[in-house]
Amino acid sequence: MIIFGTKGYLYQLAILTLVCGQCGNPAAHTLRKRLTKFTLFFVPLFPISTKYLTQCTFCGAEQKVTKEQAEQLQAQSAGGPSGQAYGQPQQHDRF
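Thresholds applied
Residues numbered from 1 in each chain as written. Predicted model: local features only at pLDDT ≥ 70, side-chain atom pairs only at ≥ 80, totals over all residues. Heavy atoms only, no water. Phe/Tyr/Trp six-rings, centres within 6.5 Å; stacked < 30°, edge-to-face > 60°. Helix = DSSP H or I, 4+ residues; strand = E, 2+ residues; numbered from the N terminus. Buried < 20%, exposed > 50% of the residue type's maximum accessible area, 1.4 Å probe, protein only. pLDDT = per-residue confidence, 0-100. Contact = heavy atoms within 4.5 Å.

- The name an unreviewed UniProt entry assigns to the protein chain is Zinc-ribbon domain-containing protein, from the organism Streptomyces indiaensis.

## A few points about the packing of aromatic side chains
So, step 1. The tally for this structure, following the rule as stated, stands at 2 aromatic pairs.
So, step 2. Ring centres of Phe4 and Phe38 lie 6.2 Å apart, and the angle between their planes is 25°; this geometry places the pair in the stacked category. Of the two residues, Phe4 sits in strand S1 (residues 4-19) while Phe38 sits in strand S2 (residues 26-40), which places them 34 residues apart along the sequence.
So, step 3. For Phe4, a relative accessible area of 55% gives the class exposed.
So, step 4. With a relative accessible area of 23%, Phe38 lands in the partly exposed category.
So, step 5. Taken together, the ring pairs in this structure connect Phe4, Phe38 and Phe46 into an aromatic cluster.

## Looking at the confidence of the model for the protein chain
So, step 1. Taken as a whole, the protein chain shows an average pLDDT of 84; of its residues, 83% reach a score of 70 or greater.
So, step 2. Counting interchain partners and residues more than four positions distant, the pLDDT-below-50 stretch residues 81-91 has 19 contacts.

Here it is in structure tokens:
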């Protein structure tokens, strides 16, 4: 018997103040990295997909961004006054 599946990791990279494309409000947006890994016997082995997205904290709308755009947004937030470090994973299991 072989047990396999996927495991999702959600990393919060930064919090930015942007104008939402959905609701039009200037609000905080979270920049997130969603990483899905293949698992064998509950051990994550290799990444299957990586996606970057922003989510509006006002209306909840999500927008996909490219890796390059995510790196630029993260660099913008690093230059901000808070200078907080992000990137703690949240795990989501799927079978």
